[in-house]
There are 2 protein chains.
Amino acid sequence: MNIVLLDPRQTQSEIWTISAKRQLEHLQTHLDIQVGDTLKVGIREGKRYLTEIVEISETSVQLKPLQEETVPEKLPVTLIVALPRPKVLRRLIMDAVTMGVEKIILLHSYRVDKSYWQTPFLQQLDHYLELGLEQAGDTIAPEIALYKRFKPFVEDVLPGLISTNCPAFVAHPYAEQPMPFALQHPCSIVIGPEGGFIPYEIDLLIKNGCQAVNLGNRILRTETAIPYVLGRLFSAS
Amino acid sequence: MNIVLLDPRQTQSEIWTISAKRQLEHLQTHLDIQVGDTLKVGIREGKRYLTEIVEISETSVQLKPLQEETVPEKLPVTLIVALPRPKVLRRLIMDAVTMGVEKIILLHSYRVDKSYWQTPFLQQLDHYLELGLEQAGDTIAPEIALYKRFKPFVEDVLPGLISTNCPAFVAHPYAEQPMPFALQHPCSIVIGPEGGFIPYEIDLLIKNGCQAVNLGNRILRTETAIPYVLGRLFSAS
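Residues numbered from 1 in each chain as written. Chains lettered and ligands numbered in written order. Predicted model: local features only at pLDDT ≥ 70, side-chain atom pairs only at ≥ 80, totals over all residues. Heavy atoms only, no water.

### Quick word on the packing of aromatic side chains
Residues and elements named next belong to chain A. All chains considered together, the criterion is met by six aromatic pairs over all chains. Residues tryptophan 16 and tyrosine 49 carry aromatic rings whose centres are separated by 5.2 Å and whose planes lie at 80° to one another, so their mutual orientation is edge-to-face. Of this pair, tryptophan 16 sits in strand β2 (residues 16-18) while tyrosine 49 is found in strand β4 (residues 48-56), placing the two residues 33 residues apart along the sequence. As far as burial versus exposure is concerned, tryptophan 16 and tyrosine 49 are alike and both buried. (Phe/Tyr/Trp six-rings, centres within 6.5 Å; stacked < 30°, edge-to-face > 60°. Helix = DSSP H or I, 4+ residues; strand = E, 2+ residues; numbered from the N terminus. Buried < 20%, exposed > 50% of the residue type's maximum accessible area, 1.4 Å probe, protein only.)

Take a look at the structure:
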């Protein structure tokens, strides 16, 4: 947690109040805060400020804003990823948000176990977003969309995301073209499930405008491939 | 698990035998193997083969090697990282091995809790290596070294790792120079603990030949920063 994210309603008077239990616990356990200390605070979907702590009680921390700070820019990327195992979902969303992905799409695929769509973790996406924003020092949540059917998404939605200045790449171990790097324009990237997309899915993605690219001959786990690919694609930014 | 890693002693006759419980369980649960199927197998510290399954029993799977396959190349990098929380250690080692890091150094630092050096997970490093190699399809374990004292490492060991053709970079949010990308030569990278290195540590690293570089204005968790940095540094390979 590198900023404390507040709801705009908590910042409407001159003195702002942190009252969420999770945030108070973090401040007390990890930061050993004192009155007079400064604290970085973000207003959800708004600006970011350096603040001063003016009062600490059991149930709240009161703050006075000192000066505005810069909200980090997003990476101009839509991350389209086969819905991972529930255990991996939290980390994947949190990481994607932390790295500044603009839009996240969770997609069904042949090798995604159908039970994954029933996990209660899918009800927690907003919480994972918040953790990712607080880690990054960001205030603006990316959009998250869920598509439970592969074919309608690839045929009807995906082509609308692709243009000359915004290509889409699908990571595929058997592709001949290597994944590009140091892009100077936005793009979409498509990451398959554990075990990969099946040939029918790769063909349908290519038919609908995706470029199949390889990431070398090491097979990375989804949650490792995503930061590796983002570091590579946006290395020049 | 994208290959099954065997000890050289298991591959001395014409027919090879998988008998480790973890590997048998994986094959039975995830791959639904049958006699006649092919299976990718690596010999630890040796070559990699495509094999054919010739017999399956409760306690073993017997294989016949068919043809040699290529072992993926390593990334020419030494990863020097402040010892993370035990929970993160497994994933960090496994990921670094999967991505092909040549040498891993776990280092003490002011913000590393001393108790982390007592974790039983540090006795499991060889197991995490094995998981990382099996994920990547690699057979050659990287070297892992542990340094429980920061200053002697930085003053006595680090300078020996640095040369004109092999610089060392420390990721530091306040550095002006951005992290380079698409390197054509080997390097070392130094990644701090949660909360970062303290100024004294950064100064000592710089004094001993490290270049401080920033990764943009988002603060990534250690385990996210490592693949992000490796994807960036070695994007041209």
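### What to know about the domain arrangement of chain A
All names here are of chain A. What the domain assignment reports for chain A is domain 1 (4-69) and domain 2 (75-233). Placing a centre on the C-alpha atoms of domain 1 and another on those of domain 2 gives a separation of 33 Å. Opposite the eleven residues of domain 1 that make contact, domain 2 presents twelve residues. Counting the surface lost from both domain 1 and domain 2, the interface buries some 890 Å², and carbon and sulfur atoms represent 44% of this. For domain 1, the biggest contributors to the area lost against domain 2 are Leu5, Arg22 and Arg44; these three give 62% of the whole. Between aspartate 126 and arginine 44 there is a salt bridge; the shortest N-O distance is 2.9 Å. (Domains from an automatic or database assignment. Contact = heavy atoms within 4.5 Å. Buried area = accessible area lost by both parts, 1.4 Å probe. Salt bridge = Lys/Arg side-chain N within 4 Å of Asp/Glu carboxyl O.)

### Remarks on helix α6 (residues 222-233) of chain A
Residue and element names in this part refer to chain A. Here α6 is twelve residues long and its end C-alpha atoms lie 16 Å apart, about the 16 Å a rise of 1.5 Å per residue gives. Of all twelve residues that make up α6, twelve are buried, and the element is covered over most of its length. Thr222, Glu223, Thr224, Ala225, Ile226, Pro227, Tyr228, Val229, Leu230, Gly231, Arg232 and Leu233 are the residues of α6 that are buried. (Expected span 1.5 Å × (residues − 1).)

### Describing the relation of the copies chain B and chain A
Of the transformation superimposing chain B on chain A, the axial component is 0.0 Å and the angular component is 180°, with the fit at an RMSD of 0.0 Å. Expressed as an axis order, the relation between the two copies is that of a two-fold axis. By residue overlap, the copies meet face to face through one surface: 100% of the interface positions of chain B are interface positions in chain A. (Least-squares fit on C-alpha atoms with pLDDT ≥ 70 in both.)

### Examining the pattern of salt bridges
A complete count under the given rule lists 35 salt bridges over all chains for this structure. One salt bridge in this structure joins arginine 91 of chain A and aspartate 95 of chain A, with 4.0 Å as the shortest N-O distance. Here aspartate 95 of chain A and arginine 91 of chain A lie together in helix α2 (residues 86-99), a separation of four residues that amounts to about one turn. Grouping residues by exposure puts arginine 91 of chain A and aspartate 95 of chain A together as buried. Each of Arg91, Asp95, Arg221 and Glu223 of chain A together with Arg91, Asp95, Arg221 and Glu223 of chain B takes part in one network of salt bridges that share partners.

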